[in-house]
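What follows is each chain in one-letter form.
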Amino acid sequence: MSVRLHWFLPTGGDGRTLVDRHAYSGGGRSGVTPVSGVRTPDIDYLTQIAKAAEHLGFEAVLTPTGTWCEDAWLTTAALAQHTERLKFLVAFRPGLISPVLAAQMAATYQRITRGRLLLNIVTGGDSTEQRRFGDHLDHDQRYARTAEFLEVVRGVWGGKPYDFDGEHYQVAGGLTAVPPDPLPQIFFGGSSPAAGPVAARHTDVYLTWGEPPAQVKEKIDWIRGLAEREGREVRFGIRLHTIARDSSREAWAVADRLLDDLDPEAIAGAQQALGRSESVGQQRMLALHGGSRDQLEISPNLWAGVGLVRGGAGTALVGSHAEVADRIEEYHALGIEHFVLSGYPHLEEAYWFGEGVTPELAARGLLADTPADGRPAPGTGAAPLLVAGGR
C-alpha cells in the first residue's frame, strides 16, 4: 500500500489568513465588510493551483460543496481543459439531485475528461446549510438517503435498466446510456453511528478528518469491523492541512502568524456557530482544542489552530519537511492510504509540500510509481474516486 497524495481547490476563496474568506468575503455584496488579503477563486487563480498540483505530482484536487463556494461540477469541468493528468474530486450532496442524473453526469464527465473524475459525496452535517438547498431531512435520515443514493448510482452504472423502490428513491428502468469507464470508486466520511454502516456497505474508502493517531486507529478499527461483517474491505484516507518548512522553527512561526489575525471575539463567534453543527465529526474537531489557544499541538506536529475558526478539517501537520513526512508515515502505518491536503495560501503551500515533503516520502519508498532517482513521477498513479464528508 503506497501513500496517495491529493491537494485542495479553494473554490470559496483563498488567502494568507484563517479569517473567513468564504463567498469571497462578500464578493462585493452590500452590507458585507471585505477581508483584506483574500484571493477570489476566479478561473485564472484556480488554474494556477491546479497546474501547480499537477506539476508537483498530486494525483487529484478535492473541491468542496456548499452555498459558500463555487459549484464543483462546473468549476472543475472548466479546469480540466487547462490540465492534462490531474484528477478532480467533485463534491456534491445526495438528495439535491437525482441519483440517476448524478450517475449520468459522472459518466459524461468521465468521458469528456478521459477518466479524470473523482466524486466527493457530502451527506451534510448542518441542517441550516441543508435547508438553504431546500433539504429538510434530519441527520440520520440524510445518511439513510445517502445509502439509497449510492445503491441506485451503482445500479444505474450496471449497463442495463435498473429498478429501485426505497423510502427516499423510486426508480423504474434507470440507466446511463454508456456507463463510465472506469467505474468510479467511492470514498465517504462520517463519524456518527448512522454513518458507519453506510461506509461499510457502500463505499471503497473511508475518509476521516485529522485526529490524533490513536483516535484515527479507533475509527479504522470501527469501520474495518463493520465492513468485515458485510463481507467487504474498505480502504482509508485522511483530510489534513499542512505547514511544512525547511526547519521546525520556521513552520511553527508560520502557524503562530496565522493566529495573529484572530481576536477572542472572532474565535468565540466561530466556536458558537460550529457548536451548532449536527456533525459528530465536527464536534470531535471542536473537542480537540475546546476553543482555547492553549496547547494547540494536540499530538506531535499535529496542530488544532485551524479549527478555532474553520469548520470541517481543523488540524494541520506542522514541522520540518522530515517531521511532516514522519507523521504521514505514522498515519500510513495505521492503514491510511489517501492523504487529502491543503494549506494557506493553497498555491504557495502546494509548492512547500511538493518540493519539501514529497521528496522525503519518495526517499522512504512510500509513494507509488517512484523512479530509481527517488523523485516521484508527476501525475502518475490512478487515484480512485473519493467520497468524503466536510471540506
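Calculation notes
Residues numbered from 1 in each chain as written. Predicted model: local features only at pLDDT ≥ 70, side-chain atom pairs only at ≥ 80, totals over all residues. Heavy atoms only, no water. Helix = DSSP H or I, 4+ residues; strand = E, 2+ residues; numbered from the N terminus. Buried < 20%, exposed > 50% of the residue type's maximum accessible area, 1.4 Å probe, protein only. Contact = heavy atoms within 4.5 Å. Areas by Shrake-Rupley, 256 points an atom, 1.4 Å probe, with all protein chains shown as cover. Phe/Tyr/Trp six-rings, centres within 6.5 Å; stacked < 30°, edge-to-face > 60°. Core = buried A, V, L, I, M, F, W, Y, C linked by side-chain atoms within 4.5 Å. Axes fitted to C-alpha atoms, helices over the stretch in contact; angles between N-to-C directions. Parallel < 35°, antiparallel > 145°, perpendicular 65-115°, else oblique. Nonpolar A, V, L, I, M, F, W, Y, C, P; charged D, E, K, R; others polar. Left-handed = near helix turned anticlockwise from the far one by under 90°. Polar contact = N/O pair within 3.5 Å; in protein donor to acceptor, adjacent residues only side chain to side chain. Salt bridge = Lys/Arg side-chain N within 4 Å of Asp/Glu carboxyl O.

Draft legend 1. Structural context of the overall build of the chain. When its secondary structure is counted, the chain shows twelve helices and 15 strands. Relative to its 391 residues, the chain shows a buried fraction of 57%. Within the chain, residue pairs in contact and separated by at least 24 positions form 73% of the contacts whose partners lie at least 6 positions apart. For the chain, the exposed surface amounts to about 15,700 Å²; the carbon and sulfur share of it is 49%.

Draft legend 2. Main features of the environment of Pro197. The topology assignment puts Pro197 in helix α6 (residues 195–202). For the pair formed by Pro197 and Ala144, sequence separation is 53 residues and the distance between their alpha carbons is 9.5 Å.

Draft legend 3. Quick look at the packing of aromatic side chains. Applying the stated criterion to the full structure yields ten aromatic pairs. Plain terms: the ring middles of Phe58 and Phe353 are 5.9 Å apart, the flat faces sit at 35 degrees to each other, and that makes the pair tilted. You can see Phe58 sitting in the loop between α1 (43–55) and β4 (60–62) and its partner Phe353 sitting in helix α12 (residues 346–363), a full 295 residues away along the chain. Using a relative accessible area of 2% as the deciding quantity, one classes Phe58 as buried. One aromatic cluster is present, formed by Trp73, Phe92, Tyr109, Phe149 and Tyr169 through successive ring pairs.

Draft legend 4. Inspection of the environment of Tyr351 at higher detail. Here Tyr351 is to be found in helix α12. Through-space distance from the C-alpha of Tyr351 to that of His55 is 9.5 Å; in sequence the pair is 296 residues apart. Dropping the residues within four chain positions of it, Tyr351 is found in contact with Ala52, His55, Leu56 and Gly356.

Draft legend 5. Examining the nonpolar core more closely. Counting residues in hydrophobic clusters, the biggest one holds 75 residues, and the most contacted among them are Leu5, Phe88, Ile328, Tyr331, Phe339, Phe353 and Leu361. At seven residues, the largest contribution of residues to this core is made by helix α5 (residues 139–156). If we ignore the near neighbours within four places in the chain, the residues touching Phe88 are Leu9, Val61, Thr76, Leu79, Ala80, Thr83, Tyr109, Arg116, Leu117 and Leu118. Judged by nonpolar contacts, the second largest core, of 24 residues, contains Leu262, Ala304, Val306 and Tyr344.

Draft legend 6. Region of interest: the packing of helix α2 (residues 72–79) against helix α3 (residues 99–112). Two elements in contact, α2 and α3, have axes separated by 11 Å at closest approach and are oriented at 10 degrees. With respect to their mutual orientation, α2 and α3 come out roughly parallel. Together, Trp73, Thr76 and Ala77 of α2 and Met105, Ala106 and Tyr109 of α3 make up the contact between the two elements. Residue composition of the contact of α2 with α3, by class: five nonpolar, one polar and no charged.

Draft legend 7. Focus on the packing of helix α9 (residues 264–275) against helix α10 (residues 280–287). Look at α9 against α10: their axes get within 10 Å of each other, and the N-to-C directions meet at 150 degrees. The element α9 and its partner α10 pack so that their crossing is left-handed. Listed contacts from α10 to Gln271, Leu274 and Gly275 of α9 are Gln282, Gln283 and Leu286. For the contact of α9 with α10, the per-class residue count stands at two nonpolar, four polar and no charged.

Draft legend 8. Representation of the side chain of Ser320 in the model. By the secondary structure assignment, Ser320 is in strand β14 (residues 316–320). Ser320 has contacts with Arg245, Asp246, Ser247 and Ser248, leaving out every residue within four places of it along the chain.

Draft legend 9. Geometry of the environment of Asp71. If you trace the backbone, Asp71 turns up in the loop between β4 and α2. When the C-alpha atoms of Asp71 and Ala91 are compared, they prove to be 8.6 Å apart, with 20 residues separating the residues in sequence. In this structure the side chain of Asp71 is engaged in a polar contact, spanning 3.2 Å, whose partner is the backbone nitrogen of Trp73.

Draft legend 10. Geometry of the pattern of salt bridges. Taken as a whole and assessed by the stated rule, the structure comprises 18 salt bridges. Between Asp204 and Arg154 there is a salt bridge whose closest N-O contact spans 3.5 Å. Here Asp204 is found in the loop between α6 and β10 (205–209), whereas its partner Arg154 is found in helix α5, with 50 residues between them in sequence. Arg154 sits in the partly exposed class, given a relative accessible area of 33%. Where Arg364 meets Glu329, a salt bridge forms, and the shortest distance between an N and an O atom there is 2.8 Å. Residue Arg364 is found in the segment after α12, and its partner Glu329 is found in helix α11 (residues 321–334); the two are separated by 35 residues along the sequence. A single network of salt bridges, built from pairs that share partners, joins Asp326, Glu329, Glu360 and Arg364.

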